[in-house]
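Here is how the chains run, residue by residue.
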Amino acid sequence: MTYLTFIALSFAAFSFITFAVVPFVTRPAMLFDKGPAHARMMGILICAVVAVAVLFALNPDHMTDLKPRFWEAAGLAGFSAIFWLPWYLFAFTRRANLVKEKL
């Protein structure tokens, strides 16, 4: 069951990055207004905030105080970045090159 949950969450995360975050940050207005570095950082920030929020909501430890629960979720999101960050950077670079070629 643990493997199934991990696979389902990984698939959901990669789909969210591919079909929601990357198209949002690679729009021509965002990509060329402040530059590709700003758009790339904005996407990383969006992915990190969503990762912290999801891990905060799915945390099985029912702590009474929210501050330790948040920091635990932030640590888990930081660790999970080794999975989603390379995929985001690959998808962003590929999509940004396609947008540049169209213009």
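Above this note sits the structure.
Residues numbered from 1 in each chain as written. Predicted model: local features only at pLDDT ≥ 70, side-chain atom pairs only at ≥ 80, totals over all residues. Heavy atoms only, no water.

Quick look at the overall build of the protein now. Scanning the protein for helices and strands turns up four helices and zero strands. Each helix and strand of the protein, placed in order from N terminus to C terminus, yields the pattern α-α-α-α. Its C-alpha atoms give the protein principal-axis dimensions of roughly 50 × 30 × 20 Å. The 103 residues of the protein split such that 24% are buried. Restricting to contacts in the protein with at least 6 residues of sequence separation, those with at least 24 account for 63%. When the accessible surface of the protein is split by element, carbon and sulfur atoms take 74% of a total near 7,100 Å². A gap of 13 Å separates the mean positions of the 9 positive and 5 negative side-chain charges of the protein. (Helix = DSSP H or I, 4+ residues; strand = E, 2+ residues; numbered from the N terminus. Buried < 20%, exposed > 50% of the residue type's maximum accessible area, 1.4 Å probe, protein only. Contact = heavy atoms within 4.5 Å. Areas by Shrake-Rupley, 256 points an atom, 1.4 Å probe, with all protein chains shown as cover. Lys, Arg positive; Asp, Glu negative; His and termini not counted. Charge placed at Lys NZ, Arg CZ, Asp CG, Glu CD.)

With 22 residues, helix H3 (residues 36-57) ought to run about 32 Å at 1.5 Å a step, and its terminal C-alpha atoms sit 32 Å apart, in line with that. Listing the buried residues of H3 in full gives Ala39, Gly43, Cys47, Ala51 and Val52. Residues of H3 that are buried in the fold lie against helix H1 (2-25), helix H2 (28-33) and helix H4 (66-102). (Expected span 1.5 Å × (residues − 1).)

Okay, the nonpolar core next. Counting residues in each nonpolar core, the largest one holds 19 residues, and the members touching the most others are Ile17, Leu31, Cys47, Trp84, Tyr88 and Phe92. Looking at this core, the elements with two or more residues in it are H1, H2, H3 and H4. With nine residues, the single largest contributor to this core is H4. Here Tyr88 is in contact with Ile17, Val21, Val22, Val25, Ala39, Arg40, Gly43, Ile44 and Cys47, once residues within four sequence places are set aside. (Core = buried A, V, L, I, M, F, W, Y, C linked by side-chain atoms within 4.5 Å.)

It is worth spelling out a nonpolar patch on the surface at this point. Together, Tyr3, Phe6, Ile7, Phe14, Phe79, Ile82, Phe83, Trp87 and Phe90 line one region of the surface with nonpolar side chains, adding up to about 1,000 Å² of accessible area. Counting residues per element, the ones that place at least two in the nonpolar patch are H1 and H4. The greatest single-element share of the nonpolar patch, amounting to five residues, is contributed by H4. With respect to the helices, strands and loops of the structure, Tyr3 is situated in helix H1. (Patch = residues over 30% accessible without salt bridge, like charges linked within 9 Å, V, L, I, M, F, W, Y side chains within 5 Å. Salt bridge = Lys/Arg side-chain N within 4 Å of Asp/Glu carboxyl O.)

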